Every structure is written in structure tokens, then in C-alpha cells.
Amino acid sequence: MILIRNLVFILVSVLYLAPSAFSQKKVITGIVKDYNSEERVPFASVYFQNTTVGKLTDSSGSFSFYLDKWPSDTLLITCVGFQPYKLFLPHDKDSFLLEIPMERGTFNEGVRVKTKVNKGLLLWRKIVQNKPRNDRYRFSNFSYELYNKLELDIKNFKFGITKLKPFKPVNKIINQYMDTTDGHPYLPTYLTETLSDYYYQKKPLKRREVIKAVNTNGVKNESIIQFLGGMDQNVNVYNNFIPVFDKQFVSPASDNGDFYYNYSVRDTQVIGKNRYYHLIFVPRRTGTNTFEGDCWVHAGTFAIQKMNLRLGKEANINHIDNLSLIQEYSLIGDSLWFLAKDKFVADGSLFGKNFPGAIGRKTTTYRNVVVNDTSVINQLNKNKILEEVVTLPGAPEKGREFWDTSRHETLTTTERGIIAMIDTLRNAPEFKKLTNTIEFIATGYMDIGNLQIGPWYNWFTYNSQEHFRMRFDLGSNKGFDKHFWWHGYLAYGFGDQKFKGKGELFYLPKKHPRLYLYGSYIQDYDFGQSYYGEVSTDNIFAVAVRKANIPIKFMKVTEQRFEFFNETRSGFSTLFAANHKTYLPVRNLISEDSFLSVKGHNPFTTTEVSLKIRFAYLEKFLENTFFRTSLGSPYPIGEFVIAHGFSGVLNSNYDYTKIAGSISDYIKIPPFGNISFQVYAGKTFGTLPYVFLDIAPGNELYYYNKYAFNTMNKYEFIHDRFAGVNFEHNFGNSIFRFITPKLKLRQFWTAKALWGSLSDANYQYNFKQGNNFQTLNGKTYLELGTGIDNILKVFRIDFVWRLLPTPLPVETSRKFGIFGSFRLSF
């Protein structure tokens, strides 16, 4: 039993009552709260130690005692799922006003079944049996007003940050707003509020949210505002699985809950005229994606009135020390149960619970509920797509008077202090300098006035052609212009003693739906295929991870490019591009002298126009002023590209046509993890040198590349007809749950296959003496892999086997490779 005297916030005050009436009375009033979620704990046992004097807290977590004398000097508070709490009461005090924070404990004592009939299991079966008439999604349509409040606090800030020299200038500001009420120092840093109307229709599925007001306290990013409502934060405890960040956890109300949980009925309470059962549940096995917690179940309808979910300490999720999810339901009329409030609290750190981390709190309340009404359908008919979020004009500019009358619950003293602190920090030069430094280290970019430099990791590198290479980038930021963006870099190699560079201009007249124009000019080495999130060869990190004994290929490219992009609200987008490109092989590739040219022009010159059509239904993005990052789509994403080359235009040598297409998707399949795949194919019509054919993406680094064949070298295979598939299945801790559960290791397997061939004309044109590439000629290229993910929560190791074709054609090919990568995930 742990004594936590320094955690209690005691407001000791002598009541100003008439001495004649209360001179001999001892008075204690207080509330019991969950320390992590700050929710009140109903029906906790509060009694004086070693006595029979005690009572239960009421349904709101409150209690009070009026006594002639203290029965003992120690108050003991207990509740299933929490650590016992002892509080010493000085005898020289006559009255106390208490707020008791209960620390997380265990529910295991509550699920010991000593009878032949497990009442907890019977109650779970009744909950599952009655889900169709208690789940709010049983209604044909419904709407409600939603108030959403998000708070972010930094914990252990004083311990981990203020001792470091760069943070000393902001010590005074930090200490001014540091909250140490409960003995755990944390810094409240951010608060948002959103008020919206939400509409739902079951068949056909339609959703609409109208954001009426939003208070972001200085953050003006419109894409973030879209995620602050209720469209993307719905949790339903009646579902079989409940999302926790990017994981799916088994709900205690799952149809298969008895396979994952042990259940027990703790007690029964009567509130008003209704009787409720107290159901306790804990995971049956450690290491599974399950919760522990309790719920109150209405007798008769077997509807969940309140659900308390906690993340088990053995759950396979990263960077989270504590997590609580609470949902409360209330009656509409006499028998219809509907969600009234939910709260989500996550407490975590990247490096451990004693290091600086964050506490996130989300509180959502629901009012003005309407079910099965034509007014809901009328609002949904305004949708231009099936799911739409609309932010009303002026929503971010609502004043204090509006929020004081419109928010569903008043702000606490701490929450009001956050708003004042944000204003102070935003205007403090020391804090601005600190945040700019952190951003520069993390992203590589730094703003200097209306200009931007970086990324710093491209400033210098080394390769066998250029030897030591330096590069400097300069671009504009939103302060320069909110529609135009320009960027360029200049690089110099001390080995070849030549300058290289790039310049680009981007114009964004419309963001929703997106429309932009783009133009660029580049003269530099082609460093091969590079994708978002993967390591290219033009940075400082590539020096250390390059495979040995593989000749590095150098191809110089000069390109002028123009793009026009247009997007519709339905998810369709078109990208028209025109480019003029000239290649110059420099090392370990067949030179242009081996190919015929037209009128003395470089045979590696082409002029091409292309059209790319993409469909990603309900795809979501996180945007800044100019660019955006896809957060994915709940549906498969399809792409189709057609391109045509024109001979005789700007010294171009070839007429040809290319077509290609792909379908990709990411699917969660709880409890078996998730899968991702991409299926693609393409064909080139025309006779071309190898630089304009399809070059299978190889990887010559020991850093794993998700989009390439990792045991294949660059320029190893060329084709004019191809098809392929990439597949990856991550199935969580799997066997590691039984071997090393505390390390939270995860397992996966991958498969990558490619089929390709080359026409006779292209074979004769490209396969000359001294070439170092080949074609599959209809054979299958196959890589299979497996590995260990989540090593120290950030590293992944892939073991990849090259199985086909056999035998290996060249000495530099490898049957087996070990690759590493770095990735952050929950």
C-alpha cells in the first residue's frame, strides 16, 4: 500500500459558523477524483481507519461527515481499480475541504470468481444481446450540438528542460505558470474549444459537421480546425474495437469480449429510481490490445450508463504512460439512451515517464439531441460529398462573451490561466527564439524574416564523383507571400569542381479544392528514386549506410518542368505536366555515344507531356500555407498516368507513349494488425534508350526503402512492360508477447514481386557491349522479408531474401540483406 501524502490538494479552511451552534462539531466535506482523468469517482469507500465509521461517495464522487469528535486520526479511501489512499487529520483542525486524487491501481481483485455462476459473464452477455437497441447508431438519423475542448500540458518540464542552458532564458515564464497543485509539476501550454452541429444518417451513410465557433488561441491553420470538431473523434464503446491512436483495442462490449476479458459484478447501486450493476473487467492475457476498467450498467435495458477504460500496463503501445477513456450516457425521455459526455486523457513521453512529456485531455459534451427527424435529413442534403466539414465564416473570431454563454461547461482556473500564458509566451522574444531553434533541429528549416534556409542535413555530403559536396538552399515563406512560393539551391562538388543547382516557383491561387501552377529548372546529378520518409543519397546520412562493393551510378540531368494541378471535392485530381529533359551519363552507365542521335542532338533528350488522374475518396490532409501531407483515405487510392513524347520539339529525339496505373490501400484488420499494399502496371510504346524506359527501383543503401526492391541494385533491370505488387502485413507483438512482453517488440512480413519484359526493338537498341543491366524477359522477381519492429520503440530491422529469378545474374547481387530504418509510431 502506497502512502501519497504529497499528492492531495487540501484547501483547509475553518468554517465561519456561529460558535454557539457548532462549537463541538467536526466537519469534513470533499470529492474523490481520478488523478489521471480528473473525473469524479462514484461509490468509493471513505472511512476512518480501524473504526466502523464510514460511507460511500455519492454518484458525483462527493462525501461529507459531521461528527462530534474524530473517530481516528487517519481517513482511508478505497475503490476498486485504485490504490488505497490514506490521509492524516490533525486534531487541532475542526473542518476540512478536500479534493482526493486517486492513483491508478489494479482491477484484479475485482474479478476473482468464487461462485459456480459468473455473474459478470452473464451481465456481459446481456450487454451484447441488447447492443442493437442501446447503441446510438441504431437510429436512422440523429443530430446534436457538440462542445469539444482539447488541452495540452507538458509534464516534468522543470526536471528535464529548465536545467539545460538553451532553456534558461524562459525559466521565469515557465515557473510563473507551472502547476504543482498535486505534487507533479506540469506546464499547461495549449487549449482549444470548438462548438459545432453534427448530423448523421445511417442509410445511405452521410455525415455533416458545421463548426459554429472555434477558439484556437493563436493557431490559424484551417486544416487543423477541421479536426477539432467531432467528425474524426468519434468513439463508440459498443463497437467491437475502439481506436487508440493508430491501434485498434478490443472493446469490453465486443461480441467476442469473453475471449479477451475476465468479468465480475462488483456491486449494485440505486440512483434515483434506477438500479445499476457495477461491472469490472480485466484482460485475460497480458500483452494484448485490451483495456482494464469498469462500467455501470442499467438494470432492465442493460445499457451502459458510464464506461471507464484504462490502458493496461502490458498493452503494446508506445510512449503512453497512462490513458483513460470515459463515456457517459443519459436518458432521452423514458427509455432512449444517448451519449452525453466523453473524455479522453493520454499521458506520455518519448523517452520514459520520468522525462519531459505531454498530457493531452479531450472533453466532449453533447446537447440538443434529435433522433429520427426530417430536420437532420434536410441538413445532410446540403452535403456536396457524403462526409463534409463546414467552418462558418467568423467562427474563429468569436469573442469572450459568446463563449461565456455558449460553452457547455465553464473553464477551470487552470484552463483560464492557459489562455493568459499562451499570450505571454507568444510575445516573449526568448520563447520565440527557443521554439525556432527546436524547429530548425527537428525539421531542418529555419525562417529568417520572409526567407527560409535549409534543410541543414543537405548542407554537405560525400560521394565518389563529387567527393566533398556542399549545398545551400534558400526559399520564401508565408511572410513573403501567401500565394507564391519560390525556392532554389546551389551546390558545389570539390571533386568535379562544378556548380549545380535548382530553381522552382509555386503559385497556389486556391486551396479548397486545390489548384496550383508550378515551374522548375534543375541541373544536377540524378540521385535516384527518393520518396517521402525515405533516405536519399543527397544528404549527410547516406554516407554511413551505403552498401559496399556496388559501383555508384552517376547521371547528370538538366530539366525544365511545368505543372498544372486541379482537384475536385469528390476526390478526383488531375495533374498536367510538360517537361524537357536531357540526361548525361557520367559514371558506370552506358554513355550517349552508344545511341543514334537526330541531327547531332543529344540522344538522351526528350520533350514530354503527361496527364495524371488520381482518385482518393474522402482523403484527409494536414496542410500548411503552401503544401500538405496526406493522412490517408478510408478507401483504396487509384492513379492513372498517360504520357507522350514528341520528336523534333526542342531537340527531342523520340516519339513514344507511356501508360501506367496503380491501386494502393492501408487496411486495419483487428486483432490481426494491419496490411498495406500497392498493385501497379505499365507499358511503353516506342523504341527508346534505357534512361526513358521503366527502370525498376533498386536500393543501394542499408536503410530500408518501403517503395524499392531492397536486394536489387539501381539500373539492374529495365523494361517497357511491367507489373508488380508490394505487400506488407504488420501483426503486432505476435510471438514476442510470449517471449519478451516488456520490450513490446512487433513482427511483420513483406512480399514484393515484379514481372517485366522488353520488346525486341528495345532489347536490340539497349543491350550493347559493356552494359550492366538486364531484363526479366517475363520471369518473376520476388523478395520476401520479415523482421522486428519497435526496437527501443523507434528502430526496425528487415531481413530480406531475394528468391527469384535464379541463378543470380551478377556478382554484385545478393540473395540476402539486413536493413535498418527509423520510424516513430504508437
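Above: the structure in question.
Residues numbered from 1 in each chain as written. Predicted model: local features only at pLDDT ≥ 70, side-chain atom pairs only at ≥ 80, totals over all residues. Heavy atoms only, no water.

A.B. asks: How should I be thinking about the sheet that holds strand β7 (residues 85–88) in this particular structure?
C.D. replies: What holds strands together in a sheet is hydrogen bonding between their backbones, with the strands either parallel or antiparallel. Read across the open sheet, the four strands follow the order β4-β3-β6-β7; overall the sheet is antiparallel. Strands at the two margins of the open sheet, each flanked by one partner only, are β4 (54–56) and β7. Each adjacent strand pair in this sheet contributes to an overall mean axis angle of 15°, direction not counted. Strand direction decides the pairing type here: strand β6 (residues 74–78) and β7, joined by four bridges, are antiparallel. Within the sheet, the bridge partner assigned to L75 lies in β7 and is L87. (Pairing = 2+ DSSP bridges. Helix = DSSP H or I, 4+ residues; strand = E, 2+ residues; numbered from the N terminus. Axes fitted to C-alpha atoms, helices over the stretch in contact; angles between N-to-C directions.)

A.B. asks: For this particular structure, what's the right way to read unusual backbone geometry?
C.D. replies: For residues besides glycine, phi is generally negative; the peptide bonds are generally trans as well. A cis amide bond links G454 to the next residue, P455, at an omega of 10°. Residue position: P455 is located in the loop between β23 (451–453) and β24 (460–463). Of the consecutive residues H512 and P513, the connecting peptide bond is found in the cis state with omega at -10°. Following the sequence through the fold, P513 ends up in the loop between β27 (498–510) and β28 (515–525). In this structure, N368 takes a positive phi of about 55° despite not being glycine. Of note, N368 is situated in strand β20 (residues 357–371). Its relative accessible area of 58% is what places N368 among the exposed residues. (Buried < 20%, exposed > 50% of the residue type's maximum accessible area, 1.4 Å probe, protein only.)

A.B. asks: Help me out: how do you make sense of helix α2 (residues 119–129) in this one?
C.D. replies: The α-helix advances 3.6 residues per turn, and as a result positions three or four apart in sequence lie on the same side. Burial in α2 covers these residues: G120, L123, W124, I127 and V128. Down the axis, α2 shows its buried residues gathered within 140° of arc, on one side only. For α2, the exposed residues lying more than 90 degrees away from the buried face are K119 and Q129. Summarising the contacts, the buried residues of α2 are in contact with α3 (131–134), α7 (257–260), β14 (261–271), β15 (274–283), β16 (291–298) and β17 (304–311). Between a side-chain oxygen at the N-terminus of α2 and the backbone nitrogen of G120 the separation is 3.0 Å; the capping residue is N118. (Arc of directions from axis to C-beta. Contact = heavy atoms within 4.5 Å. Polar contact = N/O pair within 3.5 Å; in protein donor to acceptor, adjacent residues only side chain to side chain.)

A.B. asks: Any chance you could explain the nonpolar core here in plain terms?
C.D. replies: Burial of nonpolar side chains together is a common tendency in soluble globular proteins. If you look at the biggest cluster of nonpolar residues, it comprises 48 residues, and the most contacted ones within it are I127, F142, V237, I304 and L309. Ranked by the residues each element gives to this core, the list is headed by strand β19 (residues 336–348), at five residues. Those residues in contact with L309 that lie beyond four places of it in its chain are V237, I242, P252, F281, F291, E292, L323, S324 and L325. (Core = buried A, V, L, I, M, F, W, Y, C linked by side-chain atoms within 4.5 Å.)

A.B. asks: What should I look at first to understand the packing of aromatic side chains in this one?
C.D. replies: Applying the stated criterion across every chain, the model contains 49 aromatic pairs. For the ring pair W70 and F96, a centre distance of 5.8 Å and an interplane angle of 55° mean the geometry is tilted. With W70 in the loop between β5 (62–67) and β6 and F96 in strand β8 (residues 95–102), this residue pair connects regions lying 26 residues apart in the sequence. Considered together, W70 and F96 belong to a single accessibility category, that of buried residues. (Phe/Tyr/Trp six-rings, centres within 6.5 Å; stacked < 30°, edge-to-face > 60°.)

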